[in-house]
Structure formats: structure tokens, C-alpha cells
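A closer look at the structure
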Amino acid sequence: MKFDHNLHQEQQEKEQTVVIPSEENMCRTIEVAIIEPPSQPQVLPAVKLTPPPTTVNDDEEMFIPPLNFAMVDNGIFRSGFPNSTNFSFLQSLSLRSIIYLCPEPYPEANMDFLMANGIQLYQFGIDGAKEPFVNIPEDTIREALKVVIDARNHPLLIHCKRGKHRTGCLVGCLRKLQRWCLTSVFDEYQRFAAAKARISDQRFMELFDTSSFKHLPMPFSCSKR
């Protein structure tokens, strides 16, 4: 077999050929996205928001009840001392009478209101002394109670200074006429007097004798409690 030297050399050259990558393959462009850090947020100056002005209609009246105001029974109300801010509210009750349980003269502004609205004032002056000097005159309470139960005086408002003690005693005696049990009478008194509740007031209501009123008509609720 004849050995072809040239063919062998050619094969060796092919085997020794090294493929050199072209410059195009070596140089590739890498695009890098540069992300800048977020800029500092812009701080806007504080702006004070002013609500739009409230339009008050002069034709609209504010109805503000007096301190400790409540309905006692049909046509009978109770409260603390009313002032001029309460007049529109009192006017809405169409009052015929007011029972005033303080010895001080009734203020001129209040008297003008009563006269302008045809309201009768009944004053039963009871001193607002504190314990242990409390002296509740039974005869005065009895006379005031006669005015309360007379339907001709209704609608009627009972008030003293705060609507607690003197008013509470008169209403408590009325409740006895309505045959409320003492527990209910005291509960109502304490609800208005709160921390100022007086043992002497409750003792007065407990001992108050209603027998002299039995012959008088009771034109309002007499439900037992």
C-alpha cells in the first residue's frame, strides 16, 4: 500500500487549524441602563384650609332649653333658671304659667318676656340653704302644688335656680299625689340632683302628707310607678 505523504500532511494541517474568533464576535455592545436614584420629593408649604363661612338665616331661631329641662307630665315642665337664650324655646311651649321657687326678685328681662307672652308668674320664695341648714316650708310647697295641679294654669313651668333641690322637692310631692312609690320618687330626684342629692330633701318628700289633696281633681296622669 502506497502511503500518500501529501494527503497526510494536509490532514495534519487541518487538525492543527485553530479557529480564531473574528473581531466582530469578540466586541459585543452591552447596553447598561443607568437608573438614577429618585429625587427628593418636593415639600409643599402647609396650607391652612378654612371652612366656608356658615350662612345663618336671620329668620331661623335657635331653640335652646333651659338647664335641666324636662317634661314632668302633660302640660307640666321643669328646669333651671331660664335666661334670654331660652326665650324662643319657652315660647314654643305656649306656657300659661311659671312657678318660681326662689326668693330673689324675678329679672326684668324675664318679666318683660312673661308680659309679652301673657304668662302668669307664681313666686313661692324658698331659701336655697345648704345642709344641714335646709328648711323646706311645707305650707309653701303645698300652695305651689295647688297651682301645679290646676289645669287652668297649664302649660306650666316649674323652676328654681338649678332645677335640682327646690324644684325636685315640689315634683317629688306631685309624684306622691300621682301614687308613685318612694323608690321611683327618689330615683327621679337623684337623676336631676346627681352628686348634690340631699337626704333632707328626700326625707321631706317621704313625710309629705298628701291627704289634704285627695278631694282635688287630678287632670293629668296618675299612673303608679
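Residues numbered from 1 in each chain as written. Predicted model: local features only at pLDDT ≥ 70, side-chain atom pairs only at ≥ 80, totals over all residues. Heavy atoms only, no water.

The protein carries the name diphosphoinositol-polyphosphate diphosphatase in an unreviewed UniProt entry, which gives Coffea arabica as its organism.

Our focus in this paragraph is the overall build of the protein. Broken down by element type, the protein carries eight helices and five strands. Secondary structure elements of the protein occur, N-terminal to C-terminal, as α-α-β-β-α-β-α-β-α-β-α-α-α. By residue count, 36% of the 225 residues in the protein fall in the buried class. Taking contacts inside the protein between residues at least 6 apart in sequence as the whole, the part at least 24 apart equals 68%. (Helix = DSSP H or I, 4+ residues; strand = E, 2+ residues; numbered from the N terminus. Buried < 20%, exposed > 50% of the residue type's maximum accessible area, 1.4 Å probe, protein only. Contact = heavy atoms within 4.5 Å.)

Below, the discussion takes up the environment of Gly163. In this fold, Gly163 is placed in the loop between strand E5 (156-159) and helix H6 (165-177). Separated by 94 residues in sequence, Gly163 and Phe69 place their C-alpha atoms 7.8 Å apart. With residues up to four places along the chain from it excluded, the contact list for Gly163 reads Asn68, Arg78, Ser79, Gly80 and Phe192.

Turning our attention to the pairing of strand E4 (residues 120-123). In terms of strand pairing, strand E3 (residues 97-100) meets E4 through four bridges, oriented parallel. If you follow Ile99 over to E4, its bridge partner there is Tyr122. Of the crossover connections in this fold, the one passing from E3 over helix H4 (residues 108-116) to the parallel E4 is right-handed. (Pairing = 2+ DSSP bridges. Right-handed = clockwise from strand over helix to strand, strands pointing away.)

Of all hydrophobic cores here, the largest spans 40 residues; its most connected members are Ile99, Leu101, Leu145, Val148, Ile158 and Leu170. Elements that contribute at least two residues to this core include exactly strand E2 (76-79), helix H3 (87-92), E3, H4, helix H5 (138-148), E5 and H6. Here this core gets six residues from one element, more than from any other, and that element is H6. What Ile99 contacts, discounting residues up to four positions off in sequence, is Tyr122, Phe124, Ala144, Val147, Val148, Leu156, Leu157, Ile158, His159 and Leu170. Grouped together as the second largest cluster of nonpolar side chains are six residues, Trp180, Val185, Phe186 and Met205 included. (Core = buried A, V, L, I, M, F, W, Y, C linked by side-chain atoms within 4.5 Å.)

The subject of this paragraph is the pattern of salt bridges. For the structure on display, the rule yields four salt bridges. Between Asp150 and Arg152 there is a salt bridge whose closest N-O contact spans 2.7 Å. A relative accessible area of 21% means that Asp150 is categorised as partly exposed. Its relative accessible area of 66% is what places Arg152 among the exposed residues. For Arg175, the salt bridge goes to Glu188, with nearest N and O atoms at 2.8 Å. (Salt bridge = Lys/Arg side-chain N within 4 Å of Asp/Glu carboxyl O.)

On inspection of all chains with the given rule, the structure shows eight aromatic pairs. Judged by centre distance (6.4 Å) and plane angle (35 degrees), the rings of Phe208 and Phe213 are tilted. The pair formed by Phe208 and Phe213 is uniform in burial state, with each residue classed as buried. Among the aromatic residues, those joined into a cluster by ring pairs are Phe69, Phe77 and Phe89. (Phe/Tyr/Trp six-rings, centres within 6.5 Å; stacked < 30°, edge-to-face > 60°.)

Next up on the list: the environment of Ile76. Tracing the sequence through the fold places Ile76 in strand E2. Once the C-alpha coordinates of Ile76 and Ala151 are considered, the two residues, 75 residues apart in sequence, prove to be 9.5 Å apart.

Before going further, it helps to spend a moment on unusual backbone geometry. In the segment running from His154 into Pro155, the intervening peptide bond is cis, with an omega of -5 degrees. If you check the backbone angles, Ser94 has positive phi at about 55 degrees while not being a glycine. By the secondary structure assignment, Ser94 is in the loop between H3 and E3. With a relative accessible area of 51%, Ser94 lands in the exposed category.

Before going further, it helps to examine the side chain of Asn86. Note that Asn86 resides in the loop between E2 and H3. Accessibility expressed as a relative area gives 3% for Asn86, which makes it buried.

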